[in-house]
Amino acid sequence: MRIVTVSTDTPAEIRLGHGVHGLKATLLSDAKLLVTDRFGLRNQNFNNFKFPGRPGLPVPTTLLVDGSGKVVWKDQSENYTQRSDPQVVRAALSSFTGTSARPKTARS
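**A few points about the overall build of the chain**
In terms of regular secondary structure, the chain is built from three helices and four strands. Seen in sequence order, the chain has helices and strands lined up from the N terminus as β-α-β-α-β-β-α. Expressed as a percentage of the 108 residues in the chain, the buried residues total 23%. Pairs at least 24 apart in sequence give 31% of the contacts found in the chain among residues at least 6 apart. Total accessible area computed for the chain in this model is approximately 7800 Å², and 53% of it derives from carbon and sulfur atoms.

Written out as C-alpha cells, the structure reads:
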C-alpha cells in the first residue's frame with residue numbers, strides 16, 4: 001500500500017511545502033486539473049471562482065484505489081477547506097486490508 005497525494009500546487013510549490021505536515025508520501029502536481037477532471041472531481045461550486053494562475057479547484061477527495069486501479073472507497077467534502085479525517089481514512093483502509101492501517105510511504 002502506498003500513499004500518493006495529488007495537489008493543484010505546482011511542482012515548485014510542492015517542493016517548498018514538502019515535509020511541512022510530516023507526510024511521507026509521493027506528492028504529485030495537478031496544476032492544470034487534468035487528473036482532477038479525469039476523476040470528475042472539479043469543484044462545480046467554484047466554476048467562476050479562480051485563483052490566480054489556477055483553472056479552478058478540485059473537490060477535496062480521498063480515494064482508496066485497489067491494485068487493479070478500481071476506486072473502492074471515496075470520501076469527499078463539500079467545503080474546499082476541509083479534508084478527510086485521518087481516523088476515517090484509517091478505518092476504511094483497515095476494512096479493505098483486514099489489518100491495522102499502516103501504509104508504506106514513498107520511501108518504505
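**Things to note about the confidence of the model for the chain**
A residue-level look at the chain finds 81% of positions with pLDDT of 70 or above and a mean pLDDT of 79. Element-level pLDDT for the chain is lowest in strand E1 (residues 4-7), with a mean of 85, against a maximum mean of 92 in helix H2 (residues 34-38). Contacts for the low-pLDDT stretch residues 103-108, under 50 throughout, to residues beyond four places or in other chains number 14 contacts.

**Observations regarding the pattern of salt bridges**
In total, this model carries one salt bridge according to the counting rule given. A salt bridge links Asp37 to Arg42, with the nearest nitrogen and oxygen atoms 2.7 Å apart. With a relative accessible area of 38%, Asp37 lands in the partly exposed category.

**Focus on the nonpolar core**
Counting five residues, the largest nonpolar core consists of Leu64, Trp73, Val89, Ala92 and Leu93. Per element, the largest residue contribution to this core is three residues, and it comes from helix H3 (residues 86-97). Beyond its immediate stretch of four places on either side in the chain, Trp73 contacts Thr62, Leu63, Leu64, Val88, Val89, Ala92 and Phe96.

**What about unusual backbone geometry?**
In the Ramachandran plot, Leu33 falls in the positive-phi region, its phi being about 60° despite a non-glycine side chain. Examined against the element boundaries, Leu33 turns out to sit in the loop between strand E2 (26-29) and H2.

Definitions and limits used
Residues numbered from 1 in each chain as written. Predicted model: local features only at pLDDT ≥ 70, side-chain atom pairs only at ≥ 80, totals over all residues. Heavy atoms only, no water. Helix = DSSP H or I, 4+ residues; strand = E, 2+ residues; numbered from the N terminus. Buried < 20%, exposed > 50% of the residue type's maximum accessible area, 1.4 Å probe, protein only. Contact = heavy atoms within 4.5 Å. Areas by Shrake-Rupley, 256 points an atom, 1.4 Å probe, with all protein chains shown as cover. pLDDT = per-residue confidence, 0-100. Salt bridge = Lys/Arg side-chain N within 4 Å of Asp/Glu carboxyl O. Core = buried A, V, L, I, M, F, W, Y, C linked by side-chain atoms within 4.5 Å.

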